[in-house]
Amino acid sequence: MSDTAARPGARERTGPTPGTPTHEHVSMADYWVASNYSPLPVVIAQAEGAWVTDVEGRRYLDALAGYSALNFGHLHPTLVAAVRSQLDRLTLTSRAFHSDRLGPFCRDLATFADKDLVLPMNTGAEAVETAIKTARRWGYEVKGVPDGRARIVAMAGNFHGRTTTIVSFSDDPLARDHYGPYTPGFDLVPFGDIGALEAAITDETVAVLLEPIQGEGGVILPPDGWLRDVRELTRRRNVLMVVDEIQSGLGRTGSSFACDLEDVVPDVYVLGKALGGGIVPVSAVVADRDVLGVFTPGSHGSTFGGNPLAAAVGQAVIRLLVTGEYQERARRLGALLESGLAGLVGQGIDAVRVRGLWAGVDLDPGLMSGREASHRLLERGVLVKETHGSTVRIAPPLVVGDAEIEIIVDALAAILR
Ligand code: PLP
């Protein structure tokens, strides 16, 4: 078989060719791939559980877990089996027809979230867009906001994805700049400030959109009680509480949803990442009928949303979660991670924030940047990624054990010395 993908008559192109050594793969990617990321120089070829192997056979502990998409580790046998058996039967119907997988998946996810309805999508950003559409429709059709006037309050420092509407209410210039004209209808208030939130809500406000913990922001925790206050405020002002649990949900924080940590039940859950088991993109909006019931045939959709393969994985993910085993692991190992990291504060680390198996580590900016720390940890066989400036995020798969937590803490201690 030819190794070129050129069509007859296409321009002749030259570029680096692949080989086994890391640098050849890196330069090939640098040549052919748009530069919207700057990956660390590791070329992963294989993975299992919490460990990945590069093209030269070196093993690394994955302490990023696909930004929480790999909560159950790489190639979790139950999830792989669900995908394999589905692959042999049916992969796509589109929503023009029913499949025998969609109903069971949505029933299990709705039951797990204790809500009535699920609207399945694919990526996280699509689910956030769907939640925005849900809130606006609900505002016009249920709350009675004049058409075209709906406003949504979001939080400073948010990260909800990359679509043009979502970056319209980002305050991160890297994500937002030069993508205007921007979608109107959003107000920003400081994360964790209930007074500012209350002041920002008007009669035209239809929703408050928030991450219960700001992951991309650097695992930023709100003040204790803030989520409960938001719940009370949104109820009192007849505004939907829409919670983006795409990164925080499905076990990561030691509970099924980060909202559970404060016994808060939002009106709308926005889910993604781990819902696809790290195998296929699966996202969803989950809410009660009085909210998600605003959609009518043709008013929203997706060719791939809720496809049989996605539904099979999603249902298998929920089955892993209902046992509570992963939440428990995240709690127990998270406590271990927290105490290990706490021991490094003052020794090159300024502060750590930990919830379950999710940590934001602020390095002393005078010592090294988050990027430099990621490079140094890579050299020691631990994969993490900086968020901003001198902060690195640690989020290993929930299948790690005590030994892996020790490896992470020891590696951090070593690069700080
Ligand atoms: N929302 C949150 C909280 C996220 O962390 C992310 C991705 O990091 C998204 C939304 C966007 O998800 P996706 O990259 O699947 O579109």
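Residues numbered from 1 in each chain as written. Predicted model: local features only at pLDDT ≥ 70, side-chain atom pairs only at ≥ 80, totals over all residues. Heavy atoms only, no water.

Student: Please set out the layout of surface pockets residue by residue, giving values where relevant.
Tutor: Of the pockets and cavities examined, the largest pocket occupies roughly 1400 Å³. Across the lining of the largest pocket, the residue classes break down as 16 nonpolar, 22 polar and ten charged. Structurally, the lining of the largest pocket is a two-domain feature, drawing no fewer than three residues from each of domain 1 (21–68 + 325–416) and domain 2 (77–321). Roughly 800 Å³ of volume is contained in the second largest pocket. Every residue lining the second largest pocket is counted, 26 residues in all, and those nearest its centre are S38, P39, L40, V42 and K385. Where the lining of the second largest pocket is concerned, the elements lending two or more residues are α1 (22–32) and α2 (65–68). Among the elements that make up the lining of the second largest pocket, the one with the highest residue count is α1 (four residues). Residues that form the lining of the second largest pocket fall into these classes: 17 nonpolar, six polar and three charged. (1 Å grid on protein atoms, 1.4 Å probe; cavity = no way out; pocket = protein on both sides within 12 Å on 5 of 7 lines; lining within 4 Å. Points joined across faces, edges and corners; volume = space filled by probe spheres on them. Nonpolar A, V, L, I, M, F, W, Y, C, P; charged D, E, K, R; others polar. Domains from an automatic or database assignment. Helix = DSSP H or I, 4+ residues; strand = E, 2+ residues; numbered from the N terminus.)

Student: With reference to specific residues and values, describe the packing of aromatic side chains.
Tutor: Going through the model one piece at a time under the given rule, you end up with six aromatic pairs. Judged by centre distance (5.2 Å) and plane angle (70°), the ring pair of Y31 and W32 falls under edge-to-face. Judged by relative accessible area, Y31 falls into the partly exposed class, the value being 46%. Following the ring pairs from residue to residue traces out a cluster consisting of F112, F257 and Y269. (Phe/Tyr/Trp six-rings, centres within 6.5 Å; stacked < 30°, edge-to-face > 60°. Buried < 20%, exposed > 50% of the residue type's maximum accessible area, 1.4 Å probe, protein only.)

Student: Talk me through the sheet that holds strand β1 (residues 44–48); I want residue IDs and the actual numbers.
Tutor: Here four strands make up an open sheet; going across it, the order is β1-β2-β3-β13 and the pairing mixed. Single-partner strands in this sheet number two, and they are β1 and β13 (382–383). Where β1 meets strand β2 (residues 51–54), four bridges bridge the pair, whose relative direction is antiparallel. Considered in β2, the bridge of Q46 is made with T53. (Pairing = 2+ DSSP bridges.)

Student: So, the pattern of salt bridges: which residues are in play, and what are the values?
Tutor: Taken as a whole and judged by the stated rule, the model has 17 salt bridges. The residue E56 makes a salt bridge to R58 at a minimum N-O spacing of 3.9 Å. Judged by relative accessible area, which is 41%, R58 ranks as partly exposed. Among the ionic pairs, R353 bridges to D362, the shortest N-O distance being 2.7 Å. Several salt bridges converge on common partners, so that one network encompasses E198, E232, R236 and R237. (Salt bridge = Lys/Arg side-chain N within 4 Å of Asp/Glu carboxyl O.)

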